Amino acid sequence: MSNKHLIGIISLVVIAVLAGGAWYWENSRFKEIQERRQQEQRQVVPSEENGNEKTSESGSSIITTTTAEARGYSIELTITSMQSEDEYQGKKVQYEWIASSSLRIYKDNKIVYRLDDTKFWVSSPPDEPITEESLLLETAQEFLTDAMKDFTKDNIPELGFIGFSGGAHCCGAPHIISLGQNFNLLLDDVTRFDGRTDFVDLDQDGVIEAKINSITPFDYWHTGYANSPATDVILSFNSERGKYMVNTALMRISPPSEAEIKAQASGWTAEGWEGKRATAPWRYALALVFSGNAESARKYIDLAWRDNSEFKSKEAFLDEFTAQIEESQFYPELASFLSLESLSAR
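Rules and cut-offs
Residues numbered from 1 in each chain as written. Predicted model: local features only at pLDDT ≥ 70, side-chain atom pairs only at ≥ 80, totals over all residues. Heavy atoms only, no water. Phe/Tyr/Trp six-rings, centres within 6.5 Å; stacked < 30°, edge-to-face > 60°. Helix = DSSP H or I, 4+ residues; strand = E, 2+ residues; numbered from the N terminus. Buried < 20%, exposed > 50% of the residue type's maximum accessible area, 1.4 Å probe, protein only. Pairing = 2+ DSSP bridges. Axes fitted to C-alpha atoms, helices over the stretch in contact; angles between N-to-C directions. Contact = heavy atoms within 4.5 Å. Polar contact = N/O pair within 3.5 Å; in protein donor to acceptor, adjacent residues only side chain to side chain. Salt bridge = Lys/Arg side-chain N within 4 Å of Asp/Glu carboxyl O.

1. Focus: the packing of aromatic side chains
What describes a pair of aromatic rings is the distance from one ring centre to the other and the angle between the planes of the rings.
Here is step 1 of the chain: Counted according to the given criterion, the structure contains 23 aromatic pairs.
Here is step 2 of the chain: A centroid spacing of 5.3 Å and a plane angle of 85° characterise the contact between Trp 221 and Trp 282, whose relative ring orientation is edge-to-face. With a gap of 61 residues between them, Trp 221 in the loop between strand S11 (209-214) and strand S12 (231-238) and Trp 282 in helix H7 (residues 282-289) connect regions that are remote in the sequence. An identical accessibility class is assigned to Trp 221 and Trp 282; each is buried.
Here is step 3 of the chain: Taken together, a centroid distance of 6.0 Å and an interplanar angle of 40° make the contact between Trp 305 and Phe 317 tilted. With a gap of 12 residues between them, Trp 305 in the loop between helix H8 (294-304) and helix H9 (314-325) and Phe 317 in helix H9 connect regions that are remote in the sequence. The pair Trp 305 / Phe 317 is uniform in exposure class, with both members buried.
Here is step 4 of the chain: Linked through ring pairs, Phe 218, Trp 221, Trp 273, Trp 282, Trp 305, Phe 311, Phe 317 and Phe 321 together constitute an aromatic cluster.

2. Concerning the sheet that holds S11
Here is step 1 of the chain: Ordered in space as S10-S11-S12-S13, the four strands form an open sheet in which the pairing is antiparallel. Only two strands of the sheet have a single partner each, and these edge strands are strand S10 (195-200) and strand S13 (243-246). Each strand of the sheet is rotated relative to its neighbour by a mean of 25°, with strand direction disregarded.
Here is step 2 of the chain: Of the strand pairs in this sheet, S12 and S13 are connected by four bridges, and their pairing is antiparallel. Bridge pairing links Phe 237 to Tyr 244 in S13.

3. Here we look at the environment of Ser 102
Here is step 1 of the chain: Take Ser 102: it is sitting in strand S4 (residues 91-107).
Here is step 2 of the chain: For Ser 102 and Asp 116, which are 14 residues apart along the polypeptide, the C-alpha to C-alpha distance reads 4.4 Å.
Here is step 3 of the chain: For Ser 102, the contacting residues outside a window of four places in its chain are Glu 76, Leu 77, Thr 78, Leu 115, Asp 116, Asp 117 and Phe 120.
Here is step 4 of the chain: Within polar-contact distance, the side chain of Ser 102 engages the side chain of Asp 116 at 3.3 Å.

4. So, the pattern of salt bridges
Here is step 1 of the chain: Inspection of the entire model under this criterion finds six salt bridges.
Here is step 2 of the chain: Among the ionic pairs, Glu 258 bridges to Lys 299, the shortest N-O distance being 3.1 Å. Taken as a pair, Glu 258 in helix H5 (residues 258-265) and Lys 299 in helix H8 lie far apart in primary sequence, 41 residues in all.
Here is step 3 of the chain: Classification of Glu 258 as partly exposed rests on a relative accessible area of 44%.
Here is step 4 of the chain: A cluster of three or more residues bridged by salt bridges with shared partners is formed by Arg 104, Arg 114 and Asp 116.

5. A short note on unusual backbone geometry
What you tend to see is this: most non-glycine residues have negative phi, and most peptide bonds are trans.
Here is step 1 of the chain: Look at Asn 155: it is not a glycine, yet its phi comes out positive at around 65°.
Here is step 2 of the chain: Positionally, Asn 155 belongs in the loop between strand S6 (148-149) and strand S7 (158-164).
Here is step 3 of the chain: Although it is not a glycine, Gln 204 adopts a positive phi angle of roughly 55°.
Here is step 4 of the chain: Structurally, Gln 204 can be placed in the loop between S10 and S11.
Here is step 5 of the chain: Relative accessible area serves as the criterion here: at 65%, Gln 204 is assigned to the exposed category.

The following block contains the structure:
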């Protein structure tokens, strides 16, 4: 056997071992999560009216309602699951998947909040399909176990979760709800967008921020979906206004050096500006603008620009680029921070 053949066999063995290890890790992780979910479902607190779980069947769908109690509030989660049948390795396999969910929050037997036709996560849906379903909030008790914490450091618990409508490339929105003596929506007016949200204490002050990474409104803008750039917007709790608002102090970063700008601008061709590359040249410019560095973004565009068939001129690009940024739902709060006048044609 030649050395070439021997190396080929060894390579195949290594690939098989790595693939098997990855499969074992992912499935072990899946089992661990599912076992925890099943244990939590057994701990659902019964409601006085109809018990902790009610299930009904209608055709190929199963509707399950669970309830849980906390701080004088009743959390009711209704899950609509669909049953399907498929063929796998020559055998018919039945499986169940969650089609939609509805959330109701009651206080003194009155509905104070409702959200329909969505799915719920404690953070944005992960990319891996096997964990996407396993990390869904599937019972009312999971809302209390996984989604309830003191987001604002005021000793009053909040529910923080992501509502996801489903569908291709869309749509999610963060929600933070205070369960104090007076029911209060701290974050609930964000329009659904294409992207992800992470709840994280970015400045280590004990107050949890909502970090939103969204390609809206730049999805499909002069390029394909996969190449569409995303922007980061950070929301923090504003105690004076009593709600979550844009926090530009946490979004601002130091401007890049001239050397970095030149390095980022080098290598672009007309094809890049026509949206035919794996990434778009305006991705870096957009990141600079949303970190408070519009002047650096303009320097970068001046250096990276190449005449192309997509935009009539650099000035035409700048006009369109600026107008697209202004389409962001956060623009009214960000206008002075973004300083888009620095992008105007000179």
